Amino acid sequence: MQVGRVISLLLSGAAAAALALAGIAAVPTAQPAVAAASDQVYEVHYVPTVGDAVIRVEVWRDASYDARRQPVILTYSPYNSLSEPETARDSVGETFVPKGYARAVADVLGTRGSTGCWDYGGPREQQSGVDVVKWLADRRWSNGKVAMIGGSYNGTTASMVAARGADVPELRAIVPIAGISRWYGYAYGNGVRYFLNSKVPSDEGFDTPLGFDFGFAKTVAADPMGQTFADTIRDKAAECGAIEHTEEGYARNPDYDRFWLRRDYRKDARDFRAAVLLAHGWQDYNVKQEEGLELFRRIPVDRPATRAVEGVPFKIMHLTQGSHSGATNGPRWNDLLERFLARTLKGRRTGIAQAGPVITQGRTSAGAGEFTTAADYPLPRTRSTRLWLRHGGRLTARQDRTGRIASYRETGTSAEEAPLVSGLGYRSAPLARATRLVGSAVFRAKVRVSSETMHLTPVLVDIAPDGTTRTIERGFLHLDYRNGLQADQPATGRWLSAAVRLLPQDYTVAAGHRIGLRVQSSNTIWAVPGNPGTVDIAQGSLRNVARGSSLTIPTIRSPARFR
């Protein structure tokens, strides 16, 4: 990978993208009246942390609540240079400080007013977050309970601290909004490097890590008389692992190595002990919706009947049809958040533990639909419908025995928006009734490619009776990683088995519509393309190639039925 070319490409758009990431709403927009000015306390502190660094923390509170002890709502953010001069005077503080909560905003290790080196979500950054939580819980005016809240990177830091579990009992609640749970999954889709997309410009992740190594990690707080200003200037001049970050973050063949394992909070989900209110947008293609859903699925809930603590006291997931900036909005979310914080930080009985636990807004070809609740994710009563690829561009419940092969030439362009055609696209018969899909479809392909480092990026679509299409889900797989992400295994000229798990959605296909599948190599709308070459797809049983290729879709209540 030519790092210089990547840097010049990236820095031109990093600032605009970062502004979009930092602007995710987390709390109600309504602004209640704040307390009298004489009761207002705004302080700047420096918390010691790993590697002799200090973390800058700004705290805003109403001192009239000090005698009763205040819980703390913390955001640990690298974006605070966008919120000068008093970062804690934000919508969160304006909503909750008058209600007896202290508002704290801290600069991520190596950014703005914090010294040290930015760690790209790594263990030093995680430990620094733990240190800030413990410090806030130990203030004389604090009741010892801290919640972490935020969107995008700011929600990621909440999950990374919660992953330390019993090491940080002071963390009682987290509200990760559109947060990353596994940094590898933010950069790569099963080995395919995500890129700027042509649909929603803010839904991209190519500016990370470069936009931080050469952007936010170089900012300093706007108070040159601050006690650590000189130290931050010194630390910002250091290399701080930028070369390693770039090599790992923009690799052509990215093995899931120790670097990524240390930045995987999902693997530690069993250690979470703070109550969770997780929010994500089904249409988020920056921090992909899978990041939130897979973390939620793996977090265990404590069983009151046992003496041991097996997990969190309770968890709730709130899913909208929003994109990266639309995971939280409206009175439904505002009520959830207020009840959640009152229960976890003040011990009030708000009934929040019985909400959900899964609240999801579905979608149809007409747009966003209603909210429904479910007992878990994957949704109970999920059934699988398996459809086979057959000659003539058909998807049917019956397997093809003829052993035909469809071929196409990969040229590095995307066909996602083009009409479905035989050989590249497959369609079912019309559905006999409306069919709801919730979760991830799986494309199991028997494929033969002519080059190494090629991709398989299937797209699931809704086909209306007039032939127009609407994307339901899309998936990504670097074929050299078809057997796992630990190491690439190139293979050309022979038949391979590859399974692509598409990014999840909640979508209802109307009666009379068809389910379609686009089979393609590179999807250049959303990702860096793989190598060009010829792709062969088995449409039925071939000699020494069992069964052919198929699509499995997760349908609710019963398998799909067709006319």
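Residues numbered from 1 in each chain as written. Predicted model: local features only at pLDDT ≥ 70, side-chain atom pairs only at ≥ 80, totals over all residues. Heavy atoms only, no water.

Colleague: It is not clear to me how the pairing of strand S11 (residues 358-364) should be interpreted in this structure. Could you clarify?
Modeller: Residues in a regular strand project their side chains so that they alternate between the two faces of the sheet. Across the seven residues of S11, six count as buried, placing the element largely inside the fold. Relative to S11, strand S10 (residues 315-320) is paired through three bridges, and the arrangement is parallel. The residue bridging leucine 319 from the neighbouring strand is threonine 360, located in S11. Alignment of S11 against strand S12 (residues 367-374), held across six bridges, turns out to be antiparallel. Bridge pairing in S12 places isoleucine 359 opposite threonine 373. Here S11 folds back onto S12, and the loop between the two strands holds two residues. (Buried < 20%, exposed > 50% of the residue type's maximum accessible area, 1.4 Å probe, protein only. Helix = DSSP H or I, 4+ residues; strand = E, 2+ residues; numbered from the N terminus. Pairing = 2+ DSSP bridges.)

Colleague: So what exactly am I meant to see when it comes to the state of the cysteines here?
Modeller: Put plainly, a disulfide is one covalent bond tying together the sulfur atoms of two cysteines. Inspection of every chain in the model, using the stated rule, returns one disulfide. A sulfur-sulfur distance of 2.0 Å marks the disulfide that ties cysteine 117 to cysteine 240. In this structure the cystine formed by cysteine 117 and cysteine 240 twists about its S-S bond by roughly -60 degrees; its chirality is therefore left-handed. Taken together, the positions of cysteine 117 in the loop between strand S4 (102-107) and helix H3 (123-137) and cysteine 240 in the loop between helix H7 (229-236) and helix H8 (242-249) put the pair 123 residues apart, joining distant regions of the chain. Accessibility expressed as a relative area gives 25% for cysteine 117, which makes it partly exposed. (Disulfide = S-S within 2.5 Å.)

Colleague: Just to check I follow, could you spell out the packing of H3 against helix H4 (residues 153-162) for this structure?
Modeller: For any two helices packed against each other, one specifies the inter-axial angle together with the distance between the axes. Contact geometry for H3 and H4: axes closest at 9 Å, N-to-C directions at 80 degrees. In terms of their interaxial angle, H3 and H4 are classed as roughly perpendicular. Every residue of H4 that contacts H3 at Glu125, Gln126, Gly129, Val130 and Val133 is listed here: Tyr153, Thr157, Met160 and Val161. For the contact of H3 with H4, the residue count by class is five nonpolar, three polar and one charged. (Axes fitted to C-alpha atoms, helices over the stretch in contact; angles between N-to-C directions. Parallel < 35°, antiparallel > 145°, perpendicular 65-115°, else oblique. Contact = heavy atoms within 4.5 Å. Nonpolar A, V, L, I, M, F, W, Y, C, P; charged D, E, K, R; others polar.)

Colleague: In this structure, what is going on with the side chain of aspartate 235? I would like to understand it.
Modeller: One can find aspartate 235 in helix H7. Classification of aspartate 235 by relative accessible area gives buried; the value is 14%. A distance of 3.0 Å separates polar atoms of two side chains, one belonging to aspartate 235 and the other to arginine 234. Those residues in contact with aspartate 235 that sit more than four places away from it in its chain are Thr115, Gly116 and Cys240. (Polar contact = N/O pair within 3.5 Å; in protein donor to acceptor, adjacent residues only side chain to side chain.)

Colleague: Is there a simple way to think about the side chain of glutamine 399 in this case?
Modeller: Checked against the element boundaries, glutamine 399 lands in the loop between strand S14 (394-396) and strand S15 (405-410). Reaching out from glutamine 399, the side chain makes a polar contact with the side chain of serine 541 at a distance of 2.7 Å. Apart from the residues lying within four places of it in its own chain, the contact partners of glutamine 399 are Trp388, Arg390, Ser541 and Arg547.

Colleague: Is there a simple way to explain the confidence of the model for the protein chain in this structure?
Modeller: It should be kept in mind that the predicted coordinates are not to be read in detail where pLDDT is low. Confidence along the protein chain averages 89 in pLDDT terms, with 89% of residues attaining 70 or more. Counting interchain partners and residues more than four positions distant, the pLDDT-below-50 stretch residues 1-35 has 68 contacts. (pLDDT = per-residue confidence, 0-100.)

Colleague: How should unusual backbone geometry be read in this particular structure?
Modeller: With omega at 0 degrees, the peptide bond leading from glutamate 84 into proline 85 counts as cis. Tracing the backbone shows proline 85 in the loop between strand S3 (70-77) and helix H2 (91-96). Residue proline 357 is reached from glycine 356 by a cis peptide bond, and omega for that bond is 5 degrees. Its location among the elements puts proline 357 in the loop between helix H11 (330-346) and S11. Even without being glycine, arginine 381 reaches a positive phi, approximately 70 degrees. Structurally, arginine 381 is set in the loop between S12 and strand S13 (382-390).

Colleague: What is the right way to look at the pattern of salt bridges in this model?
Modeller: Scanning all chains against the criterion turns up 27 salt bridges. Among the salt bridges present, the one from aspartate 90 reaches arginine 103, with a minimum N-O distance of 2.7 Å. Here aspartate 90 is found in the loop between S3 and H2, whereas its partner arginine 103 is found in strand S4, with 13 residues between them in sequence. We note a salt bridge from glutamate 338 to lysine 99, for which the minimum N-O separation is 2.9 Å. (Salt bridge = Lys/Arg side-chain N within 4 Å of Asp/Glu carboxyl O.)

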